[in-house]
Amino acid sequence: MLFNSFSFILLFLPITLLVWFSLNHIKKYRLADIFIIAMSLFFYSRFGMNVMLIMCGSILVNHIISMLMKRFSSNTWLKVLKILGVVVNLGFLFYFKYYDFFVGSVVSALGMSYQSAQIVMPIGISFYTFQQMSYMIDRGRGEAEHYSLIDYALYVTYFPKLIEGPISFHKEILSQFKSEEKRQFNLDNFQKGIIYFVLGLSKKVLLADTLSLVVTYGFKQTFFLDTLTVIAVMLAYTFQIYFDFSGYCDMASGIALMMNIELPVNFNSPYKAATVKELWQRWHMTLSRFFIKYVYIPLGGSRKGKLRTVCNVLIVFILSGLWHGAGWTYICWGLMQGLLVVWDDIGIVEVKGSHKGKYLFREKPLITVPRFVGRFFTFTFFVISLFFFGAQDMNYAIGMFKRLFYFTYPGFLTRTAGQLDIAENYVLSQVITRTAPKFENALYIGTLLILLAICFLVNSRKNTAEIASDKEPDMKRTIGLVLLFIWSFISLSQVSTFIYFQF
């Protein structure tokens, strides 16, 4: 089941909200929690009973380890059990996500052939495994209490964040469920949640899914593209991946807000960043804070010297690349991001107003540039890095990069733009086909340009959180949201999964 589906919007969500608030209204709080767990498991089981059972097994094992920590609470036992918890979770993740990649790479390096084990990766495994691993580490540090199985299952399975996060910590979720005030219907939060959900739905359905038509075709035809087509495809992919993931997080936050639960912020207009370091303070923020808390700081952070700081940054970003996918393309993408962040920290070039404190190897920067220059280069570098993120393997990634410099007649741009044979163009395309067929290609190229222009425009304006926080009643905005929802709802005829499902 997907957020962007008729069954979720018309049945699952209304029923869940109605029963949740009804049970809480009559003060059946425990029954309400069990109901949410049951609905979350039902929601996840729509992707397959086997993946649901795998997740339940993971929850049970982690809860048993937590229970052992409660029983054997000496420092030695806590340390041993913490290591056990981390190993179990990493082993669980390794088997389902990285086994084929790791074994295949080793066997290939030895010059032998390898037949894939065809292990099916459970959807959302990276998200709920990292959440459980954070709990295990906090338990071992004495920073988390032992929760009942119902509370723990509620934390892990809570359906708005189950599939694509955000990666939340136990305290920030369970503390809200323990509040009686949060269990009562709140009209302001409900209205705010609707704004989040509608804007997220429109990002996914109207922008990301439409851009995917160009992106999917472009990456398949990598070795036939010309310069202009590569630029168009990569810009489309840059906005597709953002609006797809950001749209999911907006919908998740909106659903949770309808229930008075606040999920941690995961995006804050990352394409407005003026440095790559700032971009990663705005993009997938909960993943960044996970790696900072559980990897970067334990490795020594910036306390062990300049070279050690550089190494720690690169380790974090390589791991971030691996988290996104099992492949050398993701490792290269992560390494590239790490190197760009290190470059920001060196202090050769400073974006005006973007850096506070000393640089790693310099007291003052050599060059200071305006913020709009920093935004342009940061966005450009991120687009280039996505050659690796979006390609199916290194050959395709390098091939796409090479085609960026293939200056020839852009005939393939017409074919690529022609994939935008969307319902919104139907009437106009029929008129042009019957009256002026020679302008049909111009229609699709114009559609692509308009679509990219809309993406740049949306990115430059207020983000979802800023719009939802505007407390002033605005009839024009309300009408716009209603029309946006109707348009998005009509476009649900072709339901598509989210990109980050594969992570």
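Here the structure is a predicted model, which is why all the values come from computation and not from measurement. (Residues numbered from 1 in each chain as written. Predicted model: local features only at pLDDT ≥ 70, side-chain atom pairs only at ≥ 80, totals over all residues. Heavy atoms only, no water.)

Here we take up the overall build of the protein chain. In terms of regular secondary structure, the protein chain is built from 21 helices and two strands. Since a compact globule built from 503 residues should have a radius of gyration of about 23 Å, the 24 Å found for the protein chain is in line with a globular shape. Principal-axis analysis of the C-alpha atoms gives the protein chain an extent of 75 × 55 × 55 Å. Counting every position in the protein chain, which comprises 503 residues, the buried fraction comes to 52%. (Helix = DSSP H or I, 4+ residues; strand = E, 2+ residues; numbered from the N terminus. Rg over C-alpha atoms; globule rule 2.2 N^0.38 Å. Buried < 20%, exposed > 50% of the residue type's maximum accessible area, 1.4 Å probe, protein only.)

What follows deals with the packing of aromatic side chains. Going through the model one piece at a time under the given rule, you end up with 65 aromatic pairs. Their ring planes at 80° and their centres at 5.0 Å tell us that Phe6 and Phe489 sit as a pair that is edge-to-face. Here the residue Phe6 occupies a position in helix H1 (residues 6–25), and Phe489 occupies one in helix H21 (residues 475–490), the gap between them amounting to 483 residues. Summarising the aromatic geometry, the rings of Phe239 and Phe456 are spaced 4.9 Å apart at their centres and angled 75° between planes, so their arrangement reads as edge-to-face. In this pair, Phe239 sits in helix H10 (residues 227–258) while Phe456 sits in helix H19 (residues 440–460), placing the two residues 217 residues apart along the sequence. Its relative accessible area of 0% is what places Phe239 among the buried residues. A cation over a ring is seen here: Lys161 above Tyr155, with NZ or CZ 5.0 Å from the ring centre. Sitting above the plane of the Phe169 ring, Arg289 keeps its charged end 4.1 Å from the centroid. (Phe/Tyr/Trp six-rings, centres within 6.5 Å; stacked < 30°, edge-to-face > 60°. Lys NZ or Arg CZ within 6 Å of the ring centre and 35° of its normal.)

A separate point is a nonpolar patch on the surface. Taken together, Leu60, Ile64, Met67, Leu68, Phe72, Trp77, Val80 and Leu149 make up a surface patch of nonpolar side chains, about 680 Å² in accessible area. At the level of secondary structure, the elements contributing two or more residues to the nonpolar patch comprise helix H3 (49–71) and helix H4 (75–109). Tallying contributions element by element places H3 first for the nonpolar patch, with four residues. Along the chain, Phe72 falls in the loop between H3 and H4. (Patch = residues over 30% accessible without salt bridge, like charges linked within 9 Å, V, L, I, M, F, W, Y side chains within 5 Å. Areas by Shrake-Rupley, 256 points an atom, 1.4 Å probe, with all protein chains shown as cover. Salt bridge = Lys/Arg side-chain N within 4 Å of Asp/Glu carboxyl O.)

Let us now look at the environment of Phe382. Within the fold, Phe382 resides in helix H15 (residues 371–390). For Phe382, a relative accessible area of 3% puts it in the buried group. A C-alpha to C-alpha distance of 26 Å links Phe382 and Thr414, two positions 32 residues apart in sequence. Every residue in contact with Phe382, bar those within four places of it in the chain, is listed here: Thr238, Tyr271, Leu279, Trp280, Trp283, Trp333 and Gln337. (Contact = heavy atoms within 4.5 Å.)

This part takes up the pattern of salt bridges. Under the definition given, this model contains 13 salt bridges. Between Lys277 and Asp345 there is a salt bridge, with its nearest N and O atoms 2.9 Å apart. Highlighted residues: Lys277 in helix H11 (residues 276–280) and Asp345 in helix H14 (residues 328–346), separated in sequence by 68 residues. In this structure, the salt-bridge partner of Glu278 is Arg371, at a minimum N-O distance of 2.8 Å. In this pair, Glu278 sits in helix H11 while Arg371 sits in helix H15, placing the two residues 93 residues apart along the sequence. The class of Glu278 is buried, set by a relative accessible area of 13%.

On to the side chain of Thr275. Topologically, Thr275 is positioned in the loop between H10 and H11. For Thr275, a relative accessible area of 12% gives the class buried. Within the structure, Thr275 has its side chain in polar contact with the backbone nitrogen of Glu278 (distance 3.0 Å). Residues within four places of Thr275 in sequence aside, it is in contact with Asp344, Val351, Ser354 and Thr378. (Polar contact = N/O pair within 3.5 Å; in protein donor to acceptor, adjacent residues only side chain to side chain.)

Once that is clear, we can look at H4. Spanning 35 residues, H4 covers only 42 Å between terminal C-alpha atoms, well under the ideal 51 Å at 1.5 Å per step. For H4, the principal kink sits at Tyr98 and spans about 75°. Looking one or two residues past H4, Gly111 carries a phi angle of roughly 80°, positive in sign. (Expected span 1.5 Å × (residues − 1). Bend = angle between axes of the 7 residues up to and from the residue.)

Another point: the packing of H10 against H19. Close contact between H10 and H19 brings their axes to 11 Å; oriented N to C, the two are set at 45°. Classified by the angle their axes make, H10 and H19 are oblique. Considering only the axes of H10 and H19, their crossing is left-handed. Counting all contacts with H10, which are made through Ala232, Leu235, Ala236, Phe239 and Phe243, the residues of H19 involved are Leu448, Leu452, Cys455, Phe456, Val458 and Asn459. (Axes fitted to C-alpha atoms, helices over the stretch in contact; angles between N-to-C directions. Parallel < 35°, antiparallel > 145°, perpendicular 65-115°, else oblique. Left-handed = near helix turned anticlockwise from the far one by under 90°.)

It is worth spelling out the environment of Leu322 at this point. Take Leu322: it is sitting in helix H13 (residues 306–324). On the accessibility criterion, Leu322 (22% relative accessible area) is partly exposed. In this structure, the C-alpha to C-alpha distance between Leu322 and Trp333, residues 11 residues apart in sequence, is 9.2 Å. In contact with Leu322, not counting residues within four places along its chain, are Lys97, Tyr98, Phe101 and Ile331.

The next thing to look at is the nonpolar core. Formed by 134 residues in total, the largest nonpolar core has its most connected members in Phe8, Phe130, Met234, Trp280 and Trp283. Broken down by element, the residue count for this core peaks at 19 residues, all from H10. Formed by seven residues, the second largest nonpolar core is a distinct cluster that contains Val198, Leu199, Ala468 and Leu481. (Core = buried A, V, L, I, M, F, W, Y, C linked by side-chain atoms within 4.5 Å.)

Attention now moves to helix H5 (residues 125–140). In a regular helix each residue adds 1.5 Å, so 16 residues correspond to 22 Å; H5 covers 22 Å between its end C-alpha atoms and thus fits that length. Downstream of H5 by one or two residues, Gly142 has phi in the positive range, about 80°.

Bringing unusual backbone geometry into the picture now. With omega at 10°, the peptide bond leading from Gly165 into Pro166 counts as cis. In this fold, Pro166 is placed in the loop between helix H7 (159–162) and helix H8 (170–177). Although it is not a glycine, Asn260 adopts a positive phi angle of roughly 70°. Tracing the chain through its elements places Asn260 in the loop between H10 and H11. Residue Asn260 is classed as buried on the basis of its relative accessible area, which comes to 2%.

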